[in-house]
Amino acid sequence: MKKVALFAILVLTVGCFTATAQKTKKTKMKKVLFVLTSHSDLGNTGEKTGFWVEEFAAPYYELADKGVVIDIATPLGGQPPIDPKSADASFATEDTKRFDKDTALQAKLSKTHKLTDVKESDYDAVFYPGGHGPLWDLASSEDSSKLITSFYTNNKPVAFVCHSPAVLKNVKVNGEFLVKGKKVTGFSNTEEAAVGLTDVVPFLLEDALQANGATYSKVADWNPYAVEDGLLITGQNPASSKLVAEKLLGQLNAKK
């Protein structure tokens, strides 16, 4: 009897360990692809642009700290340009300060994958940080558009913040613009005017989304605001980046 009891205890213990390991493995298997711009010239101003540090760092840590595995891709691969203004101390947050000291993440960022080398099937979701850069390269990238369409049609979340909803400009699903009839947000016309770049950017994000049939909404300039419409998640400005990440994490956790 003692041997039987010991055997039963052993089976239960192994079963518990196995279940725990499987649960841990399942959590670790959640993978998100971050797509950043490779564009560094701010129109014909002679100034530089790129991606906005906070919009990368805040969502990255929000997801990574919860066990999500993250890969980073860019159109050209390698080091993506950082908008120099976003690295200014006046825009510093706890996440950007953490990034400034995070040599491992900085090294990872310097070796991003080429967009043409990544596959939707390897990931559970895709996230696009903003900055003005995407308006020039990712918004007109067929590779980016195909990737987003692939995620969306395979029932995987697609998330964007600030200027990055601009990359949805040419994205179609079944012949219709993905944003048609969808609730979205993104960097507003008034915010673009406030930073003095209305006549510099190739197009205004708010106008482009509405032209493609989206139901665009916003709150007061620089306030946090994120919209979730099915698999599509968008945030208005840098202050909204963590909100977008939280909504994305919610969708990832809901998927079995």
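Every value quoted in this text rests on a predicted model; they were computed, and no experiment measured them.

Looking only at helices and strands, the protein has eight helices and eleven strands in total. The buried share of the protein, reckoned over its 256 residues, is 48%. Of all intrachain contacts in the protein linking residues separated by at least 6 positions in sequence, the fraction that spans at least 24 positions is 77%. Accessible surface, the protein: about 12,300 Å² in total, of which carbon and sulfur atoms supply 56%.

Attention now moves to the packing of aromatic side chains. Taken as a whole, this structure holds ten aromatic pairs when the rule is applied. Pairing W52 with F91 gives two aromatic rings, centres 5.1 Å apart and planes at 75°, and the pair type is edge-to-face. Taken together, the positions of W52 in the loop between β1 (31-35) and α2 (53-64) and F91 in the loop between β2 (69-74) and α3 (94-101) put the pair 39 residues apart, joining distant regions of the chain. Taking the relative accessible area as the measure of exposure, W52 reaches 15% and is therefore buried.

Counted residue by residue, β2 has five buried out of six residues, so it is predominantly covered. Here β1 runs beside β2; their pairing, made up of five bridges, is parallel. The partner of L33 across the bridge, within β2, is D71. Handedness of the β1-α2-β2 crossover: right-handed. Across two bridges, the pairing between β2 and strand β3 (residues 113-114) is parallel. Looking at β3, one finds that A73 is bridged to H113.

Among the secondary structure elements, P224 is positioned in the loop between β9 (215-216) and β10 (226-229). Distance from P224 to S240, taken between C-alpha atoms, is 4.4 Å for residues 16 residues apart in sequence. Once residues within four sequence positions are removed from consideration, P224 is found in contact with V219, N237, A239, S240 and L243.

For the protein, per-residue confidence averages 92 on the pLDDT scale, and 89% of positions sit at 70 or higher. Confidence over residues 4-14 falls short of pLDDT 50; this stretch has zero contacts with residues more than four positions distant or in other chains. Here residues 20-27 is modelled with pLDDT under 50, and outside its nearest four sequence neighbours on either side it reaches three contacts, counting other chains as well.

Bringing the packing of α2 against helix α8 (residues 241-254) into the picture now. Between α2 and α8, whose axes approach to 8 Å, the crossing angle comes to 35°. Crossing handedness for the pair α2 and α8: right-handed. Two secondary-structure elements touch here, α2 through E54, E55, A58, P59, E62 and L63 and α8 through S241, K242, A245, E246, L248 and L249. Class assignment for the residues of the contact of α2 with α8 results in six nonpolar, one polar and five charged.

Here α3 has its buried residues at D95, T96 and F99. Taken around the axis of α3, the buried residues stretch over an arc of 95°, which confines them to a single face. Facing away from the buried side of α3 by over 90 degrees, the exposed positions are E94, D100 and K101. Of the surrounding elements, those touching the buried residues of α3 are α2, α4 (103-109) and α8.

With that settled, the discussion passes to the sheet that holds strand β4 (residues 125-128). Pairing within the open sheet is mixed, and its seven strands lie in the order β3-β2-β1-β4-β5-β11-β10. Each end of this open sheet is capped by a strand with a single partner; those strands are β3 and β10. Of the strand pairs in this sheet, strand β5 (residues 158-161) and strand β11 (residues 232-235) are connected by four bridges, and their pairing is parallel. Pairing of V161 across the sheet is with G235, part of β11. The sheet contacts of helix α5 (residues 142-153) involve β1, β4, β5 and β11, and relative to β4 the element is tilted by about 140°.

Turning our eyes to something else, we now look at the side chain of D137. Here D137 lies in the loop between β4 and α5. Of the buried charged residues, D137 lacks a salt bridge, with K114 as the closest side chain of opposite charge at 12 Å.

Quick look at α2 now. Across its twelve residues, α2 extends 16 Å between first and last C-alpha, which sits within 8% of the 16 Å expected from 1.5 Å per residue. For α2, the buried fraction is high: eleven of the twelve residues fall into the buried class. For α2, the complete set of buried residues consists of V53, E54, E55, F56, A57, A58, P59, Y60, Y61, E62 and L63.

Rules used in this analysis
Numbering of residues begins from 1 in every chain and follows the order in which that chain's sequence is written. Local features in a predicted model are, by the rule used here, given only for residues with pLDDT of at least 70; side-chain atom pairs are given and counted only at 80 or more, and totals for whole chains, interfaces and linings are based on all residues. With hydrogens and water excluded, all non-hydrogen atoms of the structure serve as input to the side-chain values. Working definition: helices are DSSP H or I runs of at least four residues, strands are E runs of at least two. Numbering for both runs from the N terminus. Classification of residues uses two cut-offs on accessible area relative to the type maximum, computed with a 1.4 Å probe and protein chains only: under 20% is buried, over 50% is exposed, and between them is partly exposed. Should any heavy atoms of two residues lie within 4.5 Å, those residues are counted as being in contact. Surface exposure here means Shrake-Rupley accessible area, sampled with a 1.4 Å probe, where a residue is shielded only by the protein chains that are shown. The criterion for an aromatic pair is that two Phe, Tyr or Trp rings (for Trp, the six-membered ring) have centres within 6.5 Å, with stacked assigned to planes under 30 degrees apart, edge-to-face to planes over 60 apart and tilted to the rest. At least two bridges found by DSSP between two strands is the condition for calling them paired. The crossover handedness rule: strands pointing away from the viewer, path from first strand over the helix to second strand clockwise, crossover right-handed. Confidence scores here are pLDDT values: one per residue, from the predictor, ranging 0 to 100. Only the stretch in contact is used when a helix axis is fitted, and all axes are lines through C-alpha atoms; the angle between N-to-C directions ranges over 0 to 180 degrees. The sense of a crossing depends on the near helix, which, turned anticlockwise from the far helix by less than a right angle, makes the crossing left-handed and, turned clockwise, makes it right-handed. Only Asp, Glu, Lys and Arg are considered charged, only Ala, Val, Leu, Ile, Met, Phe, Trp, Tyr, Cys and Pro nonpolar, and every remaining residue, Gly among them, polar. Here the arc refers to the directions that run from the helix axis out to each C-beta atom. Here the positive residues are Lys and Arg and the negative ones are Asp and Glu; neither His nor the chain ends is included. Any carboxyl oxygen of Asp or Glu that lies within 4 Å of a side-chain nitrogen of Lys or Arg is treated as forming a salt bridge with it. An expected span of 1.5 Å times one less than the residue number is assigned to each helix.

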